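# Observations on the model geometry
If you want the building blocks of each chain, they are given just below.
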Amino acid sequence: MVPGQEQVLRDAYRHFANWPTERELFAALLDPNVLWVETDRELGAGDHRGKDAVMAHLDHIVEHVVRASLVSVDLKPQGWQTRDDMQVDGHDLHCCITDIDFRGDLISKVVHCRGHVEVGRGPCG
């Protein structure tokens, strides 16, 4: 694992929070063949492959997310995992657990919200 990968993940959350002014900075963190696996039904579950498709999906997410704030970034045996407090239009704030893989120092795979726990009752609490 590259030591700078944790910083890349922290930067990605910062860029997402400052969309659209930092949209291109976020895009620069993605591998050209990145795979985004969306598991959150409220955000349109499905797979998005390639930087253009992932960025289009993130444009969609930004339209529906009321709040998303990073809680933790951890290196697990299977790779990186983030936890954030996220709220989508019309839904309660929840803990979103996401798995991330890298190719070098670029994000190559994201399994977004593979875990979903209501805040206060789960690990993001």
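Bear in mind that the values here come from a model prediction, so they are computed numbers and not experimental data.

## Some thoughts on the confidence of the model for the chain
On average, residues of the chain carry a pLDDT of 89, and 89% of them reach 70 or more. Averaged pLDDT values over the elements of the chain bottom out at 82 in strand 6 (residues 106-118) and peak at 98 in helix 2 (residues 23-27).

## Observations regarding the pattern of salt bridges
Summed over the entire model, instances satisfying the criterion amount to 7 salt bridges. Taking the shortest distance from any N to any O, the salt bridge between R23 and D59 comes out at 2.9 Å. Of this pair, R23 sits in helix 2 while D59 sits in helix 3 (residues 51-64), placing them 36 residues apart in sequence. One salt bridge in this structure joins D85 and R67, with 4.0 Å as the shortest N-O distance. Of this pair, D85 sits in strand 4 (residues 79-88) while R67 sits in strand 3 (residues 65-76), placing them 18 residues apart in sequence. D85 gets classed as buried once you look at its relative accessible area, which sits at 10%. By relative accessible area, which is 38% here, R67 ends up partly exposed. Because the salt bridges share partners, they merge into one network encompassing R23, E24 and D59.

## Thoughts on unusual backbone geometry
Cis geometry marks the peptide bond from W19 to P20, where omega comes out at 0°. With respect to the element layout, P20 can be found in the loop between helix 1 (5-17) and helix 2. Phi is positive for C113, which is not a glycine, with a value near 55°. Residue classification places C113 among the buried residues on the basis of a relative accessible area of 4%.

## Some points on the environment of L30
For L30, the location among the structural elements is in strand 1 (residues 30-38). When the C-alpha atoms of L30 and D52 are compared, they prove to be 10.0 Å apart, with 22 residues separating the residues in sequence. Leaving out residues up to four positions away in the same chain, L30 has contacts with K51, V54, M55, L106 and I107.

## Structural notes on the state of the cysteines
Summed over all chains, the structure comprises 1 disulfide. With its sulfur 1.7 Å from that of its partner, C96 forms a disulfide with C113. In this structure, the disulfide formed by C96 and C113 twists by about -130° around the S-S bond and is classed as left-handed. Taken as a pair, C96 in strand 5 (residues 94-103) and C113 in strand 6 lie far apart in primary sequence, 17 residues in all. You'll find C96 and C113 in the same group, each marked buried.

Definitions and limits used
- Residues numbered from 1 in each chain as written.
- Predicted model: local features only at pLDDT ≥ 70, side-chain atom pairs only at ≥ 80, totals over all residues.
- Heavy atoms only, no water.
- pLDDT = per-residue confidence, 0-100.
- Helix = DSSP H or I, 4+ residues; strand = E, 2+ residues; numbered from the N terminus.
- Salt bridge = Lys/Arg side-chain N within 4 Å of Asp/Glu carboxyl O.
- Buried < 20%, exposed > 50% of the residue type's maximum accessible area, 1.4 Å probe, protein only.
- Contact = heavy atoms within 4.5 Å.
- Disulfide = S-S within 2.5 Å.

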